[in-house]
Amino acid sequence: WAPIGFSPLNKAQLIPNSIGDTSNPSIVEILESGEIIGEQTIIHKADEKHTINQIKRLLGKNLSDLKDLKDINYDLVGDKDNKLQIKVNIKGKDIFYSPEQIMARIIKKLIKDASDFMETPITKAVITVPAYFDYSQRAALEQSAKLAGINDIGLINEPTAAALAYGLGTKENLSESI
């Protein structure tokens, strides 16, 4: 993930996170002492059972949809409606999170970093989604954004966003790049 904002000169630019990187890992660690989100998880290296990654792959899915899921070291369970839940054991107690709740934490951090960088509150967002996302995955991502406090949400396919970003700038820049 990489937030894009507009500079005071109205030019699009990547927004750095709290440590200056423009790439943000979609990882959340849930620990006894609290949560670590994004780039700080790489530094911390917690127990794999408490490190939730690849969350975009889980959005809008049921437990029965995930037959061949690899590289997931945390516990996935289904609730009474077969909706996917992530189980984390903290101090001997099982705590359950939906993928949307975990994604909301990541979006909230991205919004905070963007708000801090732009020195203004961010209340709207356009979020890119893989082109293969179906309706339930898109709805789950919208729900995550709402849980993160973003109510005015636009979703755009990643290939479309890349094409639009390629053409950002003045007409002169666009004609020079063709």
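Below you will find a few notes about this structure. (Residues numbered from 1 in each chain as written. Predicted model: local features only at pLDDT ≥ 70, side-chain atom pairs only at ≥ 80, totals over all residues. Heavy atoms only, no water.)

Regarding its fold elements, the protein chain presents five helices and 10 strands. Sorting the 178 residues of the protein chain into buried and exposed places 34% on the buried side. (Helix = DSSP H or I, 4+ residues; strand = E, 2+ residues; numbered from the N terminus. Buried < 20%, exposed > 50% of the residue type's maximum accessible area, 1.4 Å probe, protein only.)

Another aspect to go through is the pattern of salt bridges. All told, the structure shown has six salt bridges when counted by the stated rule. Between lysine 56 and glutamate 158 there is a salt bridge, and its shortest N-O distance comes to 3.2 Å. Of this pair, lysine 56 sits in the loop between strand 5 (51-52) and strand 6 (75-78) while glutamate 158 sits in helix 4 (residues 158-166), and the two are 102 residues apart along the sequence. We note a salt bridge from aspartate 116 to lysine 112, for which the minimum N-O separation is 2.6 Å. Of the two residues, aspartate 116 and lysine 112 are both situated in helix 2 (residues 99-118); the distance of four residues between them amounts to about one turn of the helix. In this structure lysine 112 comes out as partly exposed when scored by relative accessible area, which is 48%. (Salt bridge = Lys/Arg side-chain N within 4 Å of Asp/Glu carboxyl O.)

A separate point is the nonpolar core. If you look at the biggest cluster of nonpolar residues, it comprises 32 residues, and the most contacted ones within it are Ile30, Ile52, Ile55, Ile86, Ile102 and Ile107. Looking at this core, the elements with two or more residues in it are strand 3 (28-31), strand 7 (84-90), helix 2, strand 9 (124-129) and helix 3 (135-147). A total of seven residues in this core trace back to one element, the largest contributor, which is helix 2. Those residues in contact with isoleucine 102 that lie beyond four places of it in its chain are Val28, Ile30, Ile52, Ile55, Ile86 and Tyr97. (Core = buried A, V, L, I, M, F, W, Y, C linked by side-chain atoms within 4.5 Å. Contact = heavy atoms within 4.5 Å.)

The subject of this paragraph is the pairing of strand 6. Here strand 6 runs beside strand 7; their pairing, made up of four bridges, is antiparallel. Bridge pairing in strand 7 links aspartate 75 to lysine 87. Joining the antiparallel neighbours strand 6 and strand 7 is a turn of five residues, in which asparagine 82 adopts a positive phi near 70°. (Pairing = 2+ DSSP bridges.)

Right, let's talk about the packing of aromatic side chains for a bit. One pass over the structure, following the stated rule, counts one aromatic pair. With a centroid separation of 5.7 Å and an interplanar angle of 70°, the aromatic rings of tyrosine 132 and phenylalanine 133 are classed as edge-to-face. Classification of phenylalanine 133 by relative accessible area gives buried; the value is 5%. (Phe/Tyr/Trp six-rings, centres within 6.5 Å; stacked < 30°, edge-to-face > 60°.)

Looking now at helix 3. With 13 residues, helix 3 extends 18 Å between its outermost C-alpha atoms, agreeing within 8% with the 18 Å of an ideal straight helix rising 1.5 Å per residue. Along helix 3, the positions that sit buried rather than exposed are Gln137, Ala140, Leu141, Ser144 and Ala145. The arc enclosing the buried residues of helix 3, seen along the axis, measures out at 140°, which places them on a common side. Of the surrounding elements, those touching the buried residues of helix 3 are helix 2, strand 9 and strand 10 (152-157). (Expected span 1.5 Å × (residues − 1). Arc of directions from axis to C-beta.)

Here the focus is the sheet that holds strand 3. With antiparallel pairing, the three strands of this open sheet are ordered in space as 4-3-5. Edge strands, defined here as strands with exactly one partner in the open sheet, are strand 4 (34-37) and strand 5. Inspection of the sheet shows strand 3 paired to strand 5 by two bridges, in the antiparallel sense. Residue pairing across strands places glutamate 29 opposite threonine 51, the latter belonging to strand 5.

Turning to the sheet that holds strand 8 (residues 93-97), a few remarks are in order. Judged by pairing direction, the sheet is antiparallel, and its three strands sit side by side in the order 6-7-8 without closing on themselves. The two strands at the open ends of the sheet, each matched to only one other strand, are strand 6 and strand 8. Strand after strand, the sheet turns through a mean of 40° between neighbouring axes, direction not considered. Lying on the sheet, helix 2 is in contact with strand 7 and strand 8; it crosses strand 8 at an angle near 80°. (Axes fitted to C-alpha atoms, helices over the stretch in contact; angles between N-to-C directions.)

This paragraph deals with the environment of asparagine 24. Mapped onto the elements of the fold, asparagine 24 is located in the loop between strand 2 (12-14) and strand 3. Assessed through its relative accessible area of 6%, asparagine 24 is described here as buried. Considered as a pair, asparagine 24 and isoleucine 37 are 13 residues apart in the sequence and their alpha carbons are 9.4 Å apart.

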